[in-house]
Amino acid sequence: MKSIPSLLLVASSLLFLTHCGKSPQSISPSAAAARSGKPVIHVANYPLKYFAQRIAGDAAEIVFPDTGGDDPAFWQPDDKAIAAFQNADLILMNGATYSKWADKVTLPVAKLVDTSAGFKANFIEVKESTTHSHGPGGDHSHSGTAFTTWIDFNQAIAQATSARMALGRVLPDATTALDANLKKLTDELSALDARMKTVGGRMSNAPVMASHPVYQYFARRYAINHKAVLWEPETVPDDKAMEELKSIIATHPSKWMIWEGDPAKESVEKLKALGITSVVFDPCGNTPDAGDFMSAMNANVEALEKAFP
């Protein structure tokens, strides 16, 4: 565990105590756990599912609900999905106002863990208030607290560590395995963090655009000079969107657009006509079509390494 700062572990321990209101001891298994023989952990998004699975291995059942293709940050669960969360042995939330639905329901405090509360003082407030829609989830705004916390890989380590401390409550006899698995995960996240710091240095504060306002923590951690529009990868920007982009790059002369997913070919061509090259950095809030969180993040970093050699 030497690669994980001791203060981070202490902070995560205190975080869990704060949110559970009791000392770190095992808790009674749910009915679902009694049936399966494993504690059942529900999570708010795919990154937390990946972290919990890497740390717990086969010792727990990690459940990330099917959002029907919606962004988990704006997903609206039905009564069945809410009941599943309520009946879980442990609930890992992203925090930073990520799960909008959670403010409207009652979740058992003793089982609830906010994995980002340890760095709450460093949250970024977003003043952008334009509403827009993508997918079946309806209109929404990105104003308020920035919530894509984990693409600052140092914050991802803090969230994984918080998850490990929480998992110790439901897997009290697995301390050695949990610690070993956490170390492997945090070593990989630390490697991504180091690579991105190098890329940020190569970028030398060059102006870049982002297709969506979800890269705030990423940009802060890696010193990326970015501005965002409200575009979707599958939607070709119309004339109005292109004029708005031109007005931005008049004072922010970007040669790059970072997309959340593979953009439409016509979008790529429209940007190329302005001298802007497209590159994908998928935040991976939802389950990827192929691979897993770590393979997606390695692909993201590699794309930026190639863009800024």
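Throughout, residues of each chain are indexed from 1 in the direction in which the sequence is written. Only residues with pLDDT of at least 70 are given local features in this predicted model, and only at 80 or more are side-chain atom pairs given and counted; all residues enter the totals for whole chains, interfaces and linings. Calculation of side-chain values draws on the structure's entire complement of heavy atoms; hydrogens and water are dropped beforehand.

Engineer: Looking at this structure, how should I read the confidence of the model for the protein?
Structural biologist: Close inspection of predicted coordinates is inappropriate in any region flagged by low pLDDT. A residue's pLDDT is the confidence the predictor assigns to it, expressed on a 0 to 100 scale. Per-chain confidence: the protein averages 88 in pLDDT, with 83% of residues scoring 70 or above. Residue contacts follow a heavy-atom distance rule, with two residues in contact if any of their heavy atoms lie within 4.5 Å. Counting interchain partners and residues more than four positions distant, the pLDDT-below-50 stretch residues 1-26 has 50 contacts. Within the model, the stretch residues 130-141 combines pLDDT values under 50 with 25 contacts to residues more than four positions away or in other chains.

Engineer: Sorry if this is basic, but what is going on with helix 8 (residues 239-249) here?
Structural biologist: Side chains three or four residues apart in an α-helix point the same way, a direct result of the helix having 3.6 residues per turn. Of all the positions in helix 8, only Ala241, Met242, Leu245 and Ile249 are classed as buried. In an axial view of helix 8, the angular spread of the buried residues amounts to 95 degrees, which keeps them on one side of the axis. Turned more than 90 degrees away from the buried face of helix 8, the exposed residues are Asp239 and Lys240. Each helix is a run of DSSP H or I of at least 4 residues and each strand a run of E of at least 2, with the numbering of both proceeding from the N terminus. Buried-residue contacts for helix 8 involve strand 9 (207-210), strand 11 (256-259) and helix 9 (265-272). A distance of 3.2 Å separates the backbone nitrogen of Lys240 from a side-chain oxygen at the start of helix 8, and that oxygen is part of Asp238. Buried residues are those whose accessible area, probed at 1.4 Å on protein chains only, stays under 20% of the maximum for their type, while exposed residues exceed 50% and partly exposed ones sit between those limits. Here, the arc refers to the directions that run from the helix axis to the C-beta atoms. Pairs of N or O atoms within 3.5 Å make up the polar contacts considered here, provided that, within protein, one atom can donate a hydrogen while the other can accept it, and that residues adjacent in sequence are counted only when both atoms are side-chain atoms.

Engineer: Where do I start with the sheet that holds strand 2 (residues 61-63) in this structure?
Structural biologist: The strands that make up a sheet pair up through hydrogen bonds in the backbone, lying either parallel or antiparallel. Pairing is parallel across the open sheet formed by four strands, whose spatial order is 2-1-3-4. The outermost strands of the open sheet, each flanked by one partner alone, are strand 2 and strand 4 (112-114). Averaged over all adjacent pairs, the angle separating strand axes in this sheet is 20 degrees, with direction ignored. Across the sheet, helix 5 (residues 153-170) is in contact with strand 1 (40-43), strand 3 (90-93) and strand 4; its angle to strand 3 comes to roughly 175 degrees. In short, DSSP must find at least two bridges between two strands for them to pair. Geometry is summarised by axes, namely lines fitted to C-alpha atoms with helices restricted to the contacting stretch, and by angles between N-to-C directions that run from 0 to 180 degrees.

Engineer: Quick question: what am I supposed to make of the nonpolar core here?
Structural biologist: Soluble, globular proteins show a tendency: their nonpolar side chains are buried together. Think of a nonpolar core as a cluster: buried Ala, Val, Leu, Ile, Met, Phe, Trp, Tyr and Cys residues, connected wherever their side-chain atoms sit within 4.5 Å. Grouped together as the largest cluster of nonpolar side chains are 68 residues, with contacts concentrated most on Leu92 and Leu189. Broken down by element, the residue count for this core peaks at nine residues, all from helix 5. Excluding residues within four positions of it along the chain, Leu92 makes contact with Ile41, His42, Val43, Ala44, Leu48, Ala52, Val113, Thr115, Ala163 and Ala166. Grouped together as the second largest cluster of nonpolar side chains are 11 residues, Met209, Ala241, Leu245 and Met257 included.

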